[in-house]
Structures are given as structure tokens and as C-alpha cells.
Amino acid sequence: MFPTEEFKKLQTPFYYYDTNLLRQTLQEIRENTDGYMHVHYAVKACANPKILSIIAQEGFGADCVSGGEIRAALQAGFPANKIVYAGVGKSDWEIELGLEAGIFAFNVESIPELEIINELALLKGKKARIALRINPNVGAHTHANITTGLAENKFGIDMQDMEHIISLASEMKGVEFIGLHFHIGSQILEMDDFAALARRINELQERLEASGIHAIENINVGGGLGIDYQEPDHNPIPDFHAYFETYRKNLRLRPGQQLHFELGRAIVGQCGTLIARVLYIKSNPIKNFCIVDAGMTDLIRPALYDAYHHIENLTAESSHDYVTYDVVGPICESSDVFIKNYGMPHTRRGDLIAFRSAGAYGEIMASGYNCRTLPQGYTTEDLKA
Ligand SMILES: *Cc1c(COP(=O)(O)O)cnc(C)c1O
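Residues numbered from 1 in each chain as written. Predicted model: local features only at pLDDT ≥ 70, side-chain atom pairs only at ≥ 80, totals over all residues. Heavy atoms only, no water.

Undergrad: Describe in detail the packing of aromatic side chains, supporting the description with residues and values.
TA: Under the definition given, this model contains 17 aromatic pairs. Between F244 and F261 the ring centres are 4.9 Å apart and the planes differ by 85°, which places this aromatic pair in the edge-to-face class. Taken together, the residues span a long stretch of sequence, with F244 in helix α9 (residues 240-250) and F261 in strand β10 (residues 258-263) at a distance of 17 residues. Taking the relative accessible area as the measure of exposure, F261 reaches 0% and is therefore buried. An angle of 45° between the planes, with centres 4.3 Å apart, marks the rings of F338 and F355 as tilted. Taken together, the residues span a long stretch of sequence, with F338 in strand β15 (residues 337-345) and F355 in strand β16 (residues 352-355) at a distance of 17 residues. Judged by its relative accessible area of 6%, F338 falls in the buried class. (Phe/Tyr/Trp six-rings, centres within 6.5 Å; stacked < 30°, edge-to-face > 60°. Helix = DSSP H or I, 4+ residues; strand = E, 2+ residues; numbered from the N terminus. Buried < 20%, exposed > 50% of the residue type's maximum accessible area, 1.4 Å probe, protein only.)

Undergrad: Quick one: what's the story with the site of the ligand, residue by residue and with numbers?
TA: Among the 14 residues in the neighbourhood of the ligand, the closest are listed as K44, S186, E262, R265 and Y361. At 2.9 Å, a backbone N or O of G224 approaches an oxygen atom of the ligand. With the chains in place, 94% of the 390 Å² that the ligand exposes on its own is no longer accessible. Looking at side-chain class alone, the shell around the ligand contains three nonpolar, six polar and five charged residues. (Near = heavy atom within 4 Å. Polar contact = N/O pair within 3.5 Å; in protein donor to acceptor, adjacent residues only side chain to side chain. Areas by Shrake-Rupley, 256 points an atom, 1.4 Å probe, with all protein chains shown as cover. Nonpolar A, V, L, I, M, F, W, Y, C, P; charged D, E, K, R; others polar.)

Undergrad: Give me the lowdown on the domain arrangement of the protein chain, citing residues and values where you can.
TA: In terms of domains, the protein chain is made up of domain 1 (4-12 + 270-384) and domain 2 (19-269). With 24 residues of domain 1 at the interface, the matching set in domain 2 holds 26 residues. Per-residue buried area on domain 1 facing domain 2 is highest for Q270, C271 and Y361; these three make up 32% of the total on that side. Between E381 and R23 there is a salt bridge, with its nearest N and O atoms 3.0 Å apart. (Domains from an automatic or database assignment. Contact = heavy atoms within 4.5 Å. Buried area = accessible area lost by both parts, 1.4 Å probe. Salt bridge = Lys/Arg side-chain N within 4 Å of Asp/Glu carboxyl O.)

Undergrad: Tell me about the packing of helix α7 (residues 162-171) against helix α8 (residues 191-210), and please be specific about residues and values.
TA: In a packed pair of helices, the relevant descriptors are the angle between the two axes and the axis-to-axis distance. Direction vectors running N to C along α7 and α8 enclose 55°, while the axes themselves pass 11 Å from each other. When the interaxial angle is binned, α7 and α8 end up oblique. Viewed along their axes, α7 and α8 form a crossing whose handedness is right-handed. Contacts between α7 and α8 involve M162, E163 and I166 from the former and L204, R207 and L208 from the latter. (Axes fitted to C-alpha atoms, helices over the stretch in contact; angles between N-to-C directions. Parallel < 35°, antiparallel > 145°, perpendicular 65-115°, else oblique. Left-handed = near helix turned anticlockwise from the far one by under 90°.)

Undergrad: Residue-level account of the side chain of R265, with values.
TA: Along the chain, R265 falls in helix α10 (residues 265-268). Buried and unpaired, R265 has D228 as its nearest opposite-charge partner, separated by 12 Å. Only 2.8 Å separates the side chain of R265 from the side chain of S186, close enough to count as a polar contact. (Lys, Arg positive; Asp, Glu negative; His and termini not counted.)

Undergrad: Tell me what's going on with unusual backbone geometry, and back it up with residues and numbers.
TA: Residue T12 is joined to P13 through a cis peptide bond whose omega torsion reads -5°. Position of P13 among the secondary structure elements: in the loop between α1 (4-8) and β1 (14-17). Here the phi dihedral of Y361 falls at roughly 55°; this positive angle occurs in a residue that is not glycine. Tracing the backbone shows Y361 in the loop between β16 and β17 (376-379). Given a relative accessible area of 9%, Y361 falls into the buried group.

Undergrad: Run through helix α6 (residues 111-123), naming residues and quoting values.
TA: With 13 residues, α6 extends 19 Å between its outermost C-alpha atoms, agreeing within 8% with the 18 Å of an ideal straight helix rising 1.5 Å per residue. Listing the buried residues of α6 in full gives E113, L114, I117, N118, L120 and A121. Its buried side turned inward, α6 meets α5 (92-101), β5 (105-108), β6 (128-135), α7 and β8 (175-181). One side-chain oxygen at the N-terminal end of α6 lies 3.2 Å from the backbone nitrogen of E113; it belongs to S110. Count one or two residues on from α6 and you reach G125, which has phi positive near 65°. (Expected span 1.5 Å × (residues − 1).)

Pasting the structure below:
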């Protein structure tokens, strides 16, 4: 499955992106969406330029959370009119960049932000298209650090302020209100969580109509669909059918309303793998440590969220002969552990180790802590050339 012979020639650690899988994933999304459904790729999951340009070429939009991401998206070829921009703390230069580019929508998260966008747009003689990010107070069955749709989270506008802000916006000459935006969290595998969001949106739409606010052109339900970290080979592509069906069944759109999605992890998660080399095997009376040359600086999810990544030894001599290891990195932090008590075939110095399902929130979160160099990223095409 992996081009292991090619891997052996490369300096580790590095990311490898299976672009065939990425294309199949995008195709699967296309097959499960209709014309009124628009998918914006959440750039923050992975901004590797080669990955971005494939997603742009395949006709998807981009969901950005910073000016830097807007730049990266434009450079990769995403058209400005398919870019949405969210974030609780948008700087003036970032808003100006979005205005100049003419992005599809600013997803606005507070009244003060709305006022600044209006001011900056008026200074430029432009009209900013804005959607209001509403905090739906819907929980998600996921890690506490990656829920975003609860009242206690910092994101979005409180539901009870919705009508007030819509009427404020409609009086501002520098903004045009184009819709509502929501996002409840990440790595969500329970379709019921998305159904709960859909039902909440139904309530809110009814409430708006009761107060005389009609013609909301766009509903953006955000992203958050999870992937199978346990069995990447069995489920390389998420169940997009179930995901989009959940919204088709539960969300009551009005005639002509457009439905937007912002998927990150579900698009790129499974196509990326972190490849490392084993430096040393060290044993004491209670443990075997498999020390690799990748660390939390290359893939922080295990240290940050206790996340599981399936680990494979790509060059083990025998596939039986299991030994239990703690797989650890070289960084001077006790949390620099990928996994504890993990069964792997007998492993030696020089073996290549694959950390699977690392395409999302992997390379993009790499840091230079300990003065480390950032990992390279290679694609299937790079290794064929
Ligand atoms: C992170 C984020 C997403 C994407 O989340 P995934 O779990 O990767 O799908 C979508 N929308 C917003 C506003 C986000 O912050």
C-alpha cells in the first residue's frame, strides 16, 4: 500500500499524502451532494499547498479562519467567491484582505466585529457579505477540547441575540446579511449530533419567520464529521452518505435556500501518514521504549488530545513475534508519547514507522520546538516523479 522502497531514500520524519485516496474522497462527496449543497474545505486541517490545489481543482470552496489561510487558499486557486471566513478574533488587516479579495462571506461572531467589518467596508466603498455565526448550544459526543457549539465555548453569537443583530446588520450600509452559520465541533461520529443541530436550526428559522425575518439565503452547518482512527484500512473514506442524508432528512430548508458545509478532517484525515524512523529500542524491567525520530513537534494530537493513531512498522522482518512498546519521540517533554503498551512486530533501529490517519491537524500543527526542522510533505505524485 505504501511506496516503502521510496520512503527508504527519504530523510525522516515526513508526511506522505495519498492523493489517489484524496481524489476518491472528494469524488464520494460529489456523489452524495446536490446542486444546492456547497462544500468548503476547512483549510486549517491541512494547508499543504499540493493538497490545497487538488481540492481547489476539484471545484470545492475553502473555509478559512485567518488572513494567512485566505492567502493560502487564493494562492492554491480557490476562487474568492467560494471562500468563507470565520474566527472570533479577526484583525483589521485580515478583514481588509477578505474585503479586497471579495470573499463569499465573513462568518461574524460578535457585535463589535460586525461594527468593525461595517466600518472597514465603508472606508473601502465596499459591501461585506456577512453570515452570523450562531452558537446553537448543541453538544457533540467528542473530546471536550474540540466541542465548539456550547454556550460555554468562546465561539459564535448567543441565540437570543440573533434577531437583534440581524436588525443591526440590516441598518448598516457596509454589510449585507446573507445567512446563518453554525459549527458544533470536530471528530463527530454520532449522526444524532448533526441531527440535533439541524433541529435547532429549524427552530431558529421558525423563530425568525415569526418575527418577520424571511429570505435567509444561506445556511452553513459547519463541519466536524469524524474519521475512523482505529481502522483506517477498513474505513478509508467516511460515511458521507449517512452524513449528508442526516441533513437532508432533518433540516427543513426553505425554497431556494443554499446549504453550506465546512469539512476538514473528513476530507484529508485518512490520506496523510507521518513516516518516522526508529532510532533506538530501550528496555527496562517494566517497559520497552521504541524511540522514533518524529515527536510531538511533528504530530501533536496524541500529546494534546490523547488521540489515537494506528501505528505500523513498515519494514519489520516478521509479522508475528509481537512485542509491547511505548512509542515515544525525542522531544524533552514527558507528554511526547505517541502511544503506550502498543503491540508491534519485533522492531529494530532503522525500521520505518507509519502513523496513520495523520492528514488532518498533523503537518499543519508542526512546530519548531527544540529548534526542530518542520517535516516535509510528499504526495503520491512526488514519489513517482
Ligand atoms: C475547524 C472548523 C471546521 C472544520 O472542522 P472539521 O472537524 O475538521 O471538519 C469547520 N468550520 C469551522 C468554523 C471550524 O473552525
